[in-house]
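What follows is the residue order along each chain.
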Amino acid sequence: MILTSLLTVVLATFATIVSAQDDTQGPIKFDDVHNRTTIYGTWSSGSKNVLTGPNFANPANRTFNYPKTTGVSYSFSTDGFYELARYRFNGNGSEPTCITGVIVWTHGTYLLNANGSITLNSFGDGFQQVQDPCAAESNFIEDYNTMEYFMGWRIFQDPTAGYKLHLFQFDGTPVAPLFQISTTPNMQPTRLLRNITSATDAANSGLTRRDDSEPLMKRSSAQVSSRWVPAALGAAGLVVAAVTMGL
């Protein structure tokens, strides 16, 4: 009798979980609990100096206009197009002076999946510049067309800064919180903006080298560290908040 009662409770609990999971597969709801507004428009992190659009990168000659500070920006249009602008420094724990600078631009199409995830597919004309003072090749430009997958996203309303977008990578790692800059996306034309050259041809033509470009690493390591420490602490806090909210 006890075993039968226990089995009934287990089956009832399992049915509840399955039902809840099925509910999450339905259409995305822009509600007041998690999605206070739509994702459409332009979003930027931190000091909001990194923004998508024509002022960030020139795809025709694979050059960048360097922002004053690091950060990331995403734009999403209502008809399924996105753009990414990102500028960051990567530290090296074993070699503190070997700080790598990376600046990225890409664009393409995106899907808001029914399970709450987002899939971003590049057109194929994206590119990035990497500078590493400790590498054999210290400064180069290469194609960047990585598909991105976010397992979840939430939009809250900050009492001071307004709407705030949280994106969670495929493994649950949070992206730096993004603040809404405009409801209209600031984007370059939503089509292929340069001819695609194979990695071999680009290397042979010298296009992958950027020794004559403006250095990304023009700030001292102390300045870089002062930005990375608060960013790391902020990311840790977001993880705790995400767990608390049960995202």
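Residues numbered from 1 in each chain as written. Predicted model: local features only at pLDDT ≥ 70, side-chain atom pairs only at ≥ 80, totals over all residues. Heavy atoms only, no water.

Per an unreviewed UniProt entry, the chain carries the name Protein ROT1 and comes from Crepidotus variabilis. Reading the Sequence similarities (unreviewed entry) entry of the UniProt record for the chain gives the comment "Belongs to the ROT1 family." According to the UniProt record, the Subcellular location (unreviewed entry) comment for the chain is "Endoplasmic reticulum membrane". (UniProt positions renumbered as here; feature names shortened; annotations may be inferred.)

Trainee: Explain the overall build of the chain here, please?
Mentor: When helices and strands are counted, the chain shows three helices and twelve strands. Burial status across the chain gives 37% buried among its 247 residues. Here the analysis covers contacts within the chain between residues at least 6 apart in sequence; of these, 63% occur between residues at least 24 apart. Accessible surface, the chain: about 13400 Å² in total, of which carbon and sulfur atoms supply 58%. (Helix = DSSP H or I, 4+ residues; strand = E, 2+ residues; numbered from the N terminus. Buried < 20%, exposed > 50% of the residue type's maximum accessible area, 1.4 Å probe, protein only. Contact = heavy atoms within 4.5 Å. Areas by Shrake-Rupley, 256 points an atom, 1.4 Å probe, with all protein chains shown as cover.)

Trainee: So what exactly am I meant to see when it comes to the pattern of salt bridges here?
Mentor: Oppositely charged side chains can pair when the atoms bearing their charge come close. Within the structure shown, the criterion is met by three salt bridges. A salt bridge links D143 to R62, with the shortest nitrogen-to-oxygen separation between them at 3.4 Å. Note that D143 is positioned in strand β9 (residues 139-143) and R62 in the loop between β2 (57-58) and β3 (63-64), a separation of 81 residues in sequence. Exposure remark for D143: the relative accessible area of 30% places this residue in the partly exposed category. Using a relative accessible area of 10% as the deciding quantity, one classes R62 as buried. Put simply, D143 and R194 hold a salt bridge, and the shortest N to O gap is 2.7 Å. Here R194 lies in the loop between β12 (178-182) and α2 (199-205) and D143 lies in strand β9, a separation of 51 residues in the sequence. (Salt bridge = Lys/Arg side-chain N within 4 Å of Asp/Glu carboxyl O.)

Trainee: Got a minute to help me understand unusual backbone geometry in this structure?
Mentor: Leave glycine aside and you will find that most residues have negative phi; peptide bonds, for their part, are mostly trans. For K48, which is not glycine, the phi torsion reads 65 degrees and is therefore positive. By the secondary structure assignment, K48 is in the loop between β1 (41-45) and β2.

Trainee: Got a minute to help me understand the packing of aromatic side chains in this structure?
Mentor: Here the distance between the centres and the angle between the planes together describe a pair of aromatic rings. Tallied over the full model, the rule gives eight aromatic pairs. A ring pair is formed by Y74 and F76, whose centres lie 6.0 Å apart and whose planes are at 10 degrees; its orientation type is stacked. With respect to class, Y74 is no different from F76; both count as buried. Between W105 and F127, the aromatic rings sit 5.8 Å apart at their centres with planes inclined by 50 degrees, giving tilted as the arrangement. Of this pair, W105 sits in strand β6 (residues 100-112) while F127 is found in strand β8 (residues 127-131), placing the two residues 22 residues apart along the sequence. A residue is classified by how much of its surface remains accessible, and W105, at 0% relative accessible area, is buried. The exposure class assigned to F127 is buried, which follows from its relative accessible area of 0%. (Phe/Tyr/Trp six-rings, centres within 6.5 Å; stacked < 30°, edge-to-face > 60°.)

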